Amino acid sequence: MKKSQKFYPYIFLTVFASILIFIIWPNNTAFGSMIDWAQQHIKIAEYFRTLFFKNGQLFPDYAPHLGSGVNIYALSYYGLFRLDVLISYLFPSVSMEYIVVTYIILEYIVSVNLCFIWLKRHNIQKEICFVSALLLATSSLLFQSHRQIMFINYMPYLFCTLLAIDNFLETKKIRWIPLSVALIILHSYFFSVTAIILCTVYFFFQLGNKTEKKSFIAKYALAISIGIGMCAVLLLPTAYYMMHIKKDKGNSLSLIEILGVTPSLRGLLYYSYGAGLTIIVLFVLILSLQYSRTKKMGATLLVCLSSNLVAYILNGTLYVRYKIYLVFLPFILYVFAKTLQEIYYSEKKLHFYPLFFAVIPVLTIYLFDHRKTNLPIFLDIVVSLVFLVLFYQKRNTVYLFLSCILPFIICIQLNGTEIYPTKEKKIFSNNELSTLCSTYTGRFLDTTTGLLNVNDIFSANTYKTTMYSSLSNGEYNTFYYDYMKNPISIRNRVVLSSNPNILFQHLMHVTTMESKEKTLPIGYNIIKKRNGIVLAKTEDSMPFAYVTNTLYSEKEFAKLSYPENIDVLTQSAVVNTNKMDFKKRMQKENFSFTIKNNKNQTVSLPKEYKNQVLLLSFDIDRKDSKEVIIDINGIRNKLSGKDANYPNNNTTFTYVLSSNNPIKELHINASRGDYQIKHVQLYSLPYTYIQRRNKTVDTVKLTKNIKKEVLKGNVKVSNNGYLITSIPYEKGFTAYIDGKNIPVEKVNTCFVGFPIDKGTHTISIVFHAPTKRLGLIISGLSFILFIIFFNYKRRFLWKRKH
């Protein structure tokens, strides 16, 4: 064979993968999806770069721009130390979208080629390796490359780890294992656990009856430990954060559901959030049970793929989801290729009747998963079975290539369901918004796009109360939705979405906003107006930090219910005290109405409300399981359907309504469904009470933060009281008054504060991510061990050679 011909398989695989991308990727769109990809994978990665250039720290502790301020490790899942994010620091003028998309496409193509290389190293026939790599290219690896990139961005490094394990078993050299394992973790720590478990199972399968077993196991354990240790700066602080927050697990599972099975084999077949392979792979896995060399791994895979318990455990006991089976792709294709190799060379008679068991998942898909009935599954069954039988009878790999036609078609169909994002059309440019945030210090709120821009930090001067992350501060979430009654406008309450709420904005130092003119809250003055969208500012919000002696006991506050609790928060600081400074200011109105489903309606209010804040609430009595959506004066509340992954349980809709113009009526748009509203309540609050509160406190005059400082400033305190901030509390904060360390307390249910005496003081609040320092030490030591071990082996081999 000519040397150039050795590269033909890699050229063909690269071209094939590229053609697939070209077919599924529409013109004038991004290679991604509308929600998670755009708002998390791109916007948070872009934020990491913004934060790096703001503070110059490669290992930051705090993210002050999102969610009113949060531990940076709440966002670490989105690539804090991922290679493409780190590379982006070298190219600040290059779009983050371009960098992430280029990187994930390269990873996809490289993974397909590495699959071929890895299988070929096991002396599997080249054509079979090639077909296996083609099936990887048509699997969910492609779909998740433009949907949830953390589900698959570790894949090339998983193949590298498997190659390193094979090399270790041949040469006893472990030096590449730690690096590959570390790269898996840095790209996706959630999936890295399953990846390491599966690699270890693979290692023991391959170890077999080798001599010096104990030595191999000890060295392998050392290699894995070094790889994990190098990532301690990511793993330890993230694990600490996860253990100290409330995590929404979605719908609770019964024991029967956990211990049950998945007859449709969604983790393997035709499902974009599973392995996404086709029926020929299931056929071959079933046939693998007839060969001694493959039956153990084949049986193990079939049990894992059908067991809810396995999915539950590998998902960290959070839920039974099939995304975890994406990690199984290399191992499924390994058994697939090994079995085809056995079929090709073995003279053993092969029985095809066990393939009738494959009818079970197919029937289950057709009976219970109507979204898949448009796929040519029955045709796939017939074609795959015919070509598999012909391959067995003729011992000709051409039939295997022909069997890849339908997986190719099905792959295109599944990827065709994606809604690829088009270029974002903004009414106001990022430069205009950045200028607004620089001119008027404080937090910024965009209520024009709902979920779409909650993570959009377009400059280092942009600070937001909103955030969309799988991890977040649970107490702040409770304050956001349960106390301040921000409307829950989407199916879950994990997202801190952006909606107008003057009471919340007033407390949280939201001084500027982008809003539809008709939903602009009271107290905001328009600066610019364009196409019905306005940029506005206010001078009525509370300061970022202030001192007050108007206090209310947190023990007594816990006994209050709506609307008394929100009334207290808008006039007093809730702290550890015996004081109860509070005057009832909200007035209950005599008002009720009914909802006309699926119709627009206008309801007149009891009177005209001028310079008033209205709090309207009612309970949803739902008779069916469908979601309920009700828009009132441009503000949306939603009760998610009972089948939602993360039901929001929003059975009481609350609307905080305000306007610079008198409010005379409610404009209502309600979704279709079998439901009624009950217990309608309407309260009014004069805006003057809110407007003048910031004149009754001592404002902290902020100065420039240094290093790890979250807040720094000076304050002249009129009376002994409490310093109150709008920084969400969590472990890791340290406060200093005039350079003296003082204990930090939780105030206003979830914010940083502390007692302070009368006089002029210098204030400083610092945040250190818990366990990060320990993580840095372990990572440093592990990296030193890796370098020493790597160089020692190289020097040892050089000396032996010379």
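As a reminder, the structure under discussion sits directly above these lines.
Remember, predicted model here, so these are calculated numbers, not experimental data.

Here we look at the overall build of the protein chain
Logical step 1: From N to C terminus, the protein chain includes 27 helices and 26 strands.
Logical step 2: Over its C-alpha atoms the protein chain spans a radius of gyration of 30 Å, differing by no more than 12% from the 28 Å that the globule rule assigns to 802 residues.
Logical step 3: Viewed in the frame of its principal axes, the protein chain has a C-alpha envelope of about 90 × 70 × 50 Å.
Logical step 4: Here the protein chain holds 802 residues, and 59% of them are scored as buried.
Logical step 5: For the protein chain, the exposed surface amounts to about 34800 Å²; the carbon and sulfur share of it is 57%.
Logical step 6: Both charge centroids of the protein chain, one from 89 positive and one from 48 negative side chains, sit 9 Å from each other.

Overview of the packing of helix α4 (residues 96-120) against helix α5 (residues 126-137)
A pair of packed helices can be characterised by two numbers: the angle between their axes and the separation between those axes.
Logical step 1: Between α4 and α5, the shortest axis-to-axis distance is 9 Å and the interhelical angle comes to 150°. Taken together, the axis directions place α4 and α5 in an arrangement best described as roughly antiparallel. In terms of crossing hand, the pair formed by α4 and α5 is right-handed. Listed contacts from α5 to Y108, S111, V112, C115, F116, L119 and K120 of α4 are K126, C129, F130, S132, A133, L136 and A137.
Logical step 2: Residue classes in the contact of α4 with α5 are distributed as ten nonpolar, two polar and two charged.

Quick notes on the sheet that holds strand β7 (residues 545-548)
Logical step 1: One open sheet holds the five strands; their spatial order is β18-β7-β21-β25-β24, and the pairing between them is antiparallel. A strand with exactly one partner marks an edge of an open sheet, and here the two such strands are β18 (698-699) and β24 (745-747).
Logical step 2: The sheet contact formed by β7 and strand β21 (residues 721-728) spans four bridges and is antiparallel. Pairing of V547 across the sheet is with L723, part of β21.

So, the pairing of strand β22 (residues 733-737)
Logical step 1: For β22, the buried fraction is high: four of the five residues fall into the buried class.
Logical step 2: Two elements, β22 and strand β26 (residues 759-767), share five bridges in a ladder whose sense is antiparallel. Each residue of the ladder has a partner; that of A735, found in β26, is I765.
Logical step 3: Judged from the three bridges that link them, β22 and strand β23 (residues 740-742) form a sheet pairing that is antiparallel. By the bridge assignment, I737 is partnered in β23 with K740.

Comments concerning the environment of K464
Logical step 1: Here K464 lies in the loop between β3 (443-446) and α22 (474-483).
Logical step 2: Remark: the alpha-carbon pair of K464 and P64, spanning 400 residues in sequence, is separated by 8.5 Å.
Logical step 3: The residues touching K464, leaving out its near neighbours within four places in the chain, are H65, L66, G67, S68, R443, F444, N453, V454, D456 and I457.

Brief notes about the packing of helix α13 (residues 279-287) against helix α18 (residues 377-394)
Logical step 1: Where α13 meets α18, the axes come as close as 9 Å, and the angle between the chain directions of the two elements is 45°. Looking at the two axes, α13 sits oblique to α18. Judged by the sense of rotation from one axis to the other, the crossing of α13 with α18 is right-handed. Listed contacts from α18 to I279, I280, F283, V284 and L287 of α13 are D380, I381, S384, L385 and L388.
Logical step 2: Residues belonging to the contact of α13 with α18 are distributed by class as follows: eight nonpolar, one polar and one charged.

A short note on the environment of D631
Logical step 1: In this structure, D631 sits in strand β13 (residues 628-632).
Logical step 2: Taking relative accessible area as the criterion, D631 reaches 15% and is therefore assigned buried.

Digging into the packing of aromatic side chains
Aromatic ring pairs are reported here in terms of the distance separating the ring centres and the angle at which the planes meet.
Logical step 1: In total, this model carries 52 aromatic pairs according to the counting rule given.
Logical step 2: With 6.2 Å between their ring centres and 20° between their planes, F168 and F203 make a pair best called stacked. Here F168, found in helix α7 (residues 155-171), pairs with F203, found in helix α9 (residues 189-207); they are 35 residues apart in sequence, far enough to count as distant.
Logical step 3: According to the relative accessible area criterion, F168 is buried, its value standing at 0%.
Logical step 4: By relative accessible area, F203 is classed as buried at 0%.
Logical step 5: Both rings, one in Y271 and one in Y273, keep their centres 6.3 Å apart while their planes meet at 45°; by these two values the pair is tilted.
Logical step 6: Its relative accessible area of 17% is what places Y271 among the buried residues.
Logical step 7: Judged by relative accessible area, Y273 falls into the partly exposed class, the value being 23%.
Logical step 8: What links up through ring pairs into an aromatic cluster is the set F143, F151, Y154, F190, F191, Y271, Y273, Y322, Y325 and F328.

Here we look at the pairing of strand β6 (residues 533-537)
Logical step 1: Across the five residues that make up β6, a large majority, five, are buried.
Logical step 2: Burial along β6 is two-sided: I533, L535 and K537 and V534 and A536, pointing in opposite directions, are all buried.
Logical step 3: Pairing between strand β4 (residues 510-516) and β6: five bridges, direction antiparallel. Along β6, the bridge assignment pairs M513 with A536.
Logical step 4: Of the pairings in the sheet, the one linking strand β5 (residues 525-530) to β6 comprises five bridges and is antiparallel in character. Following the sheet pairing, N525 is matched in β6 by K537.

Here is what the cut-offs are and how they apply
- Residues numbered from 1 in each chain as written.
- Predicted model: local features only at pLDDT ≥ 70, side-chain atom pairs only at ≥ 80, totals over all residues.
- Heavy atoms only, no water.
- Helix = DSSP H or I, 4+ residues; strand = E, 2+ residues; numbered from the N terminus.
- Rg over C-alpha atoms; globule rule 2.2 N^0.38 Å.
- Buried < 20%, exposed > 50% of the residue type's maximum accessible area, 1.4 Å probe, protein only.
- Areas by Shrake-Rupley, 256 points an atom, 1.4 Å probe, with all protein chains shown as cover.
- Lys, Arg positive; Asp, Glu negative; His and termini not counted.
- Charge placed at Lys NZ, Arg CZ, Asp CG, Glu CD.
- Axes fitted to C-alpha atoms, helices over the stretch in contact; angles between N-to-C directions.
- Parallel < 35°, antiparallel > 145°, perpendicular 65-115°, else oblique.
- Left-handed = near helix turned anticlockwise from the far one by under 90°.
- Contact = heavy atoms within 4.5 Å.
- Nonpolar A, V, L, I, M, F, W, Y, C, P; charged D, E, K, R; others polar.
- Pairing = 2+ DSSP bridges.
- Phe/Tyr/Trp six-rings, centres within 6.5 Å; stacked < 30°, edge-to-face > 60°.

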